[in-house]
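Commentary on secondary and tertiary structure
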Amino acid sequence: MGFSSKLISWYAKNGRELPWRNTTNPYIIWLSEIILQQTRIEQGTPYFHNFLENFPTIEDFANADEGELLKLWQGLGYYSRARNMHKAARQIQTDFDGKFPTKYEEVIKLTGIGEYTAAAIASFSSNAAYAVLDGNVFRVLSRYFAIDTPINSTAGKKQFSEIANELLDKKHPGTYNQAIMDFGAMLCKPKNPLCEECIFRMDCRAFQTNSIQSYPVKLKKKPSRNRFFAYFIVEEDGQLLMAKRNDSDIWANMYEFPMIETEEELSISALVEHNEFKFNFPSAIIEQLNGMVKQVLSHQNIYAKFYRITNPENNVLKNSNWAFYNSENLDKLAMHKLMFTFLETFKKLP
DNA sequence: AATACGGGGCC
DNA sequence: GGCCCAGTATT
């Protein structure tokens, strides 16, 4: 038996039941695939159900506004996925007459869809013969063939893509693609793979040379940079002052308290002497509300402190990105984790 | 070709 | 603390 038929029989016995399987609806497949990019299934599944419930069809999705989508995406991370989905949904209305395409060459034109997602949608929805290449597939193939080309290099992507498409079961591309990803996730895991019960024990080059732990090879990531945020809670008549982030940085277009960023940690005495602070809050009374909060991102460490401003003067709205929100409208704003976590504890404060 | 983009789970 | 997760867009 060849690689693909062994894999597919393993999948028939051991494959997972997942909510977005057993459909050929490209909209539903798309929803699940974007949500699951760089995201664990356990983390993404509640979001999948929530989105499908709020937007049963691609038309519903296209008619939503970006803020509403970001709010539903809140907490999932990589928020450009939600903004790109919004663009893609509009593209489908204008360029595809409102009908979600299933052809690889059409699907890959949509914003937010790259080679992996195009192959997934095309193969799952219409059995088109395109091999998926995700973290699971990279790992399985690098071990099986003991390939030491870095998987995050250009050469690696090309090499693994060619092998993946050769191995693909051209008669059952959809099933094969699901199978190799399940196999990577359940058996050929990153840590502690279950080699003792693996159907490919005798064929796997890395296992045979006792070097499973050496694969896949990956180029090192560069160290994260540190950023220090001082957030200011300004409350007036039960309303909170909020700022909208711009779109050229982390957490694009999301909401948070007004803040000052510095390259080093600032004591409260240094903070009140900061020019930006004096400009925004002249003669303010400031009180630190908590210790340092650390938020780890993929390329940055954010260190945040929260301060209460009780005498902001009357010119606090000189920044056009700032506005006051009552609690009802506050609940509609999309916020990043640092913010909505703090807000939970803040609400319980006296 | 390299880097940015979140949040969470595992070791 | 580092790695990884059903990757893509931008620089």
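Residues numbered from 1 in each chain as written. Chains lettered and ligands numbered in written order. Predicted model: local features only at pLDDT ≥ 70, side-chain atom pairs only at ≥ 80, totals over all residues. Heavy atoms only, no water.

Some words on the pairing of strand 6 (residues 293-296)
As paired elements, strand 6 and strand 7 (residues 300-309) share four bridges and run antiparallel to each other. Each residue of the ladder has a partner; that of Lys-294, found in strand 7, is Tyr-303. In textbook terms, the turn of a hairpin is the stretch between consecutive antiparallel strands, and for strand 6 and strand 7 this stretch comprises three residues. (Pairing = 2+ DSSP bridges. Helix = DSSP H or I, 4+ residues; strand = E, 2+ residues; numbered from the N terminus.)

Notes on the pattern of salt bridges
Applying the stated criterion across every chain, the model contains 13 salt bridges. One salt bridge connects Arg-245 with Glu-256, and the closest N-O pair in it is separated by 2.9 Å. Of this pair, Arg-245 sits in the loop between strand 2 (239-244) and strand 3 (255-256) while Glu-256 sits in strand 3; the two residues are eleven residues apart in sequence, bridging distant segments of the chain. Given the relative accessible area of 10%, Arg-245 is considered buried. The structure contains a network of salt bridges with shared partners spanning Arg-227, Arg-245, Asp-249, Glu-256 and Glu-261. (Salt bridge = Lys/Arg side-chain N within 4 Å of Asp/Glu carboxyl O. Buried < 20%, exposed > 50% of the residue type's maximum accessible area, 1.4 Å probe, protein only.)

Overview of unusual backbone geometry
With an omega dihedral of -5°, the bond running from Tyr-215 to Pro-216 counts as a cis peptide bond. Tracing the backbone shows Pro-216 in the loop between helix 12 (205-208) and strand 1 (225-236). In this structure, Asn-22 is a non-glycine residue whose phi angle is positive, near 60°. The exposure class assigned to Asn-22 is exposed, which follows from its relative accessible area of 74%. Look at Asn-192: it is not a glycine, yet its phi comes out positive at around 50°. Turning to its location among the elements, Asn-192 is positioned in the loop between helix 11 (173-186) and helix 12.

Comments concerning the packing of aromatic side chains
Here the structure, examined in full by the defined rule, presents 31 aromatic pairs. Ring geometry for Tyr-144 against Phe-145: centres 4.8 Å apart, planes inclined by 75°, an arrangement best described as edge-to-face. Residue Phe-145 is classed as partly exposed on the basis of its relative accessible area, which comes to 34%. Aromatic pair Tyr-144 and Phe-200: ring centres 5.5 Å apart, planes at 85°, arrangement edge-to-face. With Tyr-144 in helix 9 (residues 135-144) and Phe-200 in the loop between helix 11 and helix 12, the pair connects residues that are 56 residues apart, well separated along the chain. Across the pair, exposure class does not vary: Tyr-144 and Phe-200 are buried alike. Through pairs of rings, three or more aromatic residues link up here, namely Tyr-27, Trp-30, Phe-51, Phe-55, Phe-61, Trp-73 and Phe-100. (Phe/Tyr/Trp six-rings, centres within 6.5 Å; stacked < 30°, edge-to-face > 60°.)

Here's the deal with the environment of Ser-248
In this structure, Ser-248 sits in the loop between strand 2 and strand 3. Along the sequence, Ser-248 and Leu-133 sit 115 residues apart, while their C-alpha atoms lie 29 Å from each other.

Some words on the domain arrangement of chain A
Here chain A is described as being made up of domain 1 (3-214) and domain 2 (225-347). Taking only C-alpha atoms into account, the centre of domain 1 sits 37 Å from that of domain 2. The interface of domain 1 with domain 2 comprises nine residues on the first partner and twelve residues on the second. Contact between domain 1 and domain 2 buries roughly 750 Å² in total, counting both sides, with carbon and sulfur atoms accounting for 57%. For domain 1, the biggest contributors to the area lost against domain 2 are Lys-71, Gln-74 and Tyr-79; these three give 55% of the whole. Counting the contacts that link domain 1 with domain 2 gives zero salt bridges. Here domain 1 and domain 2 share five residue pairs in polar contact (both at pLDDT 80 or more) between them. Ranked by the residues each element gives to the side of domain 1 that touches domain 2, the list is headed by helix 5 (residues 66-73), at four residues. Of the residues that constitute the side of domain 1 that touches domain 2, the class distribution is three nonpolar, three polar and three charged. (Domains from an automatic or database assignment. Contact = heavy atoms within 4.5 Å. Buried area = accessible area lost by both parts, 1.4 Å probe. Polar contact = N/O pair within 3.5 Å; in protein donor to acceptor, adjacent residues only side chain to side chain. Nonpolar A, V, L, I, M, F, W, Y, C, P; charged D, E, K, R; others polar.)

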